[in-house]
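Here is what each chain is made of, one letter per residue.
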2 protein chains.
Amino acid sequence: MDASNLPEDALATPVPRRREVVPEATVARLPIYLRALHGLADEGQTTVSSEALAEAAGVNSAKLRKDLSHLGSYGTRGVGYDVDHLIAQISRELGLSRRCSVVLVGVGNLGRALAGYGGFASRGLAIDALLDADRSRVGEQIAGLTVRHMDDLPDVVTGVSIGVIATPADAAQEVCDRLVSAGVTSILNFAPTVLSVPSHVDLRKVDLSIELQILSFHEHRKAARAEGALA
Amino acid sequence: MDASNLPEDALATPVPRRREVVPEATVARLPIYLRALHGLADEGQTTVSSEALAEAAGVNSAKLRKDLSHLGSYGTRGVGYDVDHLIAQISRELGLSRRCSVVLVGVGNLGRALAGYGGFASRGLAIDALLDADRSRVGEQIAGLTVRHMDDLPDVVTGVSIGVIATPADAAQEVCDRLVSAGVTSILNFAPTVLSVPSHVDLRKVDLSIELQILSFHEHRKAARAEGALA
DNA sequence: CTGACTTTGTGCGCGCGTTCACAAGCGCGT
DNA sequence: ACGCGCTTGTGAACGCGCGCACAAAGTCAG
Ligand SMILES: NC(=O)c1ccc[n+]([C@@H]2O[C@H](COP(=O)([O-])OP(=O)(O)OC[C@H]3O[C@@H](n4cnc5c(N)ncnc54)[C@H](O)[C@@H]3O)[C@@H](O)[C@H]2O)c1
Ligand SMILES: NC(=O)c1ccc[n+]([C@@H]2O[C@H](COP(=O)([O-])OP(=O)(O)OC[C@H]3O[C@@H](n4cnc5c(N)ncnc54)[C@H](O)[C@@H]3O)[C@@H](O)[C@H]2O)c1
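The notes below deal with the structure included here. (Residues numbered from 1 in each chain as written. Chains lettered and ligands numbered in written order. Predicted model: local features only at pLDDT ≥ 70, side-chain atom pairs only at ≥ 80, totals over all residues. Heavy atoms only, no water.)

Ligand 1 sits among 24 residues. The nearest are Leu110, Asp132 and Thr167 of chain A together with Ala113 and Tyr117 of chain B. The environment around ligand 1 is built from residues contributed by chains A and B. Between an oxygen atom of ligand 1 and a side-chain N or O atom of Tyr117 of chain B, the distance comes to 2.8 Å. Going through the elements one at a time, α5 (109-115) and α7 (169-181) of chain A together with α5 (109-115) of chain B are the ones with two or more residues in the shell around ligand 1. Among the elements that make up the shell around ligand 1, the one with the highest residue count is α7 of chain A (three residues). (Near = heavy atom within 4 Å. Polar contact = N/O pair within 3.5 Å; in protein donor to acceptor, adjacent residues only side chain to side chain. Helix = DSSP H or I, 4+ residues; strand = E, 2+ residues; numbered from the N terminus.)

For the rest of this paragraph, the subject is the protein's contact with DNA strand D. The environment of DNA strand D is formed by 25 residues, the closest being Arg29, Lys66 and Arg77 of chain A together with Ser50 and Tyr81 of chain B. Backbone atoms, meaning sugar and phosphate, make up 65% of the atoms of DNA strand D lying within 4 Å of the protein. At a separation of 2.7 Å, a phosphate oxygen of DNA strand D approaches a polar side-chain atom of Arg29 of chain A. Between DNA strand D and the protein, one listed contact pairs a base nitrogen with a side-chain N or O atom of Lys66 of chain B at 2.9 Å. Of all the secondary structure elements, the ones that give two or more residues to the surface near DNA strand D are α1 (24-42) and α3 (61-69) of chain A together with α3 (61-69), β2 (75-76) and β3 (80-82) of chain B. Taken together, the residues that form the surface near DNA strand D break down as seven nonpolar, 10 polar and eight charged. (Nonpolar A, V, L, I, M, F, W, Y, C, P; charged D, E, K, R; others polar.)

This brings us to the interface of chain A and chain B. With 62 residues of chain A in contact, the opposing surface of chain B contributes 62 residues. Summing both sides of the interface, chain A and chain B together bury roughly 5,600 Å²; the carbon and sulfur share of this comes to 63%. Inspection of the chain A/chain B interface yields six salt bridges. Linking chain A to chain B there are 24 residue pairs in polar contact (both at pLDDT 80 or more). The residue inventory of the side of chain A that touches chain B, partitioned by class, reads 33 nonpolar, 14 polar and 15 charged. (Contact = heavy atoms within 4.5 Å. Buried area = accessible area lost by both parts, 1.4 Å probe. Salt bridge = Lys/Arg side-chain N within 4 Å of Asp/Glu carboxyl O.)

Residues and elements named next belong to chain B. Here strand β5 (residues 125-132) pairs with strand β7 (residues 145-149) via three bridges, running parallel. Bridge assignment links Asp132 to a residue of β7, and that residue is His149. Pairing of strand β6 (residues 141-142) with β7 involves two bridges; the strand directions are antiparallel. What sits directly across from Ile142, in β7, is Leu145. (Pairing = 2+ DSSP bridges.)

Below is the structure:
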């Protein structure tokens, strides 16, 4: 990609020190740090050391420091990090300061649970619209939102950036395509299917069956190892 | 590691070829291959090339071949892999042949959706018990199962190996500890908390807020890049 | 002001995972 | 029987991410 070298740019960008790129692995941990920090803030802590925060987040302290260093030098040596300031910086980095809207497609068993979940709003994320293809569900009120028909999608997604797919697997690709056509550039997929999207669209998936199968594998291996130990 | 030269090992291990260890990254993809293979089998395909299967699974074909090579040489050069045979091998490796039972704790919004989900059973996994601490929910019938009280846990988990936590975050660690005490050695956690478990217990987590925050980050970066492009 | 202590930020080596590229192997047509 | 084309299995190179360990940098006591 255009990860071109930054040739020192003698023309000096006015901004002193721009964050180069934040590694994916770091991005995936920032929300964990954020949650831990909120917990500390609620306890009244004003500063926290990398050691303590790492403990709360369940990671190595060196990793934590390296992660945070990618967003800038916000710590004070000998003291630690200012909790509120760090919350602000991570929130900004994650784009949570400007409220991010979400559209959920498929109001079935799972969709209902997600729509009613309050855990998103507390983090600057909120589900703004519910869509379904089943006309018998359209008009239904769930968690203060009215279910709208799939055909309304173009009207709904103005300014919306994240789409969540909670439809059956065989409808997922079609729904995905329609989301993309409507301008959605980030998608979270719960349907057990491989989706294909244009390169400018970010796609993540959550597959509960896969998680259980991975655990099943480890159980299987533990059992095999135990038998092997008998021999 | 000991990726030392393999000096032809004149001492020839008696066992022809034992699967050494299957890398974690490979294990995480096996369920995807399995799903793709089931789809192919339903279409009547009897054999499949690594190229075609990789396409269906959304991965690089070399990666697929290397993954499969960790379970043995089950392909035929010039032809590909036998679909049914490969399904059997992967299922065996994942431990899905011997049916794996699951206990779900916390029958709230999310727990209900999970309990009613039929996508597990088709893969040799089935939820065998539902538990909750709320006595007003005990006795309730969900998807053919009766909700039992948390205190029955020791009776319920005989032979059960996988526990799923779908309780509020502040109860998760306690529930986790009780599962471990009862002998559960694999846990899937949906609560947004860092859990600690003994080293012999496998722990995985699914956190929807984190997924959305990661997408939010990428949206934020896209927006920043777009602005940068204007300058 | 100085010195000791605390904690950050990071250079470095290492191991894992991904990918390319190709030789070895197998079936099929002739 | 024999080579031709297709596909697997893997050697090797590369890049990323992790974690140790330490120097730099700041605080605080006296
Ligand atoms: N329920 C769970 O706990 C669970 C667990 C893991 C995975 N999943 C997956 O999540 C998805 C949803 O599961 P569910 O249990 O909620 O299913 P569901 O059948 O209860 O709900 C699906 C919803 O999608 C709607 N829908 C169908 N086609 C549509 C389309 N083309 N456009 C818009 N909406 C459409 C349906 O009307 C329905 O309301 C499935 O892919 C399932 O495999 C669910
Ligand atoms: N609902 C969602 O879509 C969603 C999304 C993401 C994450 N989550 C997380 O999943 C978890 C469950 O969410 P929910 O919406 O189903 O919550 P919920 O409040 O609807 O259900 C929680 C259930 O757990 C039970 N419970 C409470 N304490 C318990 C204990 N000590 N032992 C056993 N059971 C106990 C409660 O009685 C209740 O039935 C929460 O941690 C939530 O943050 C939910």
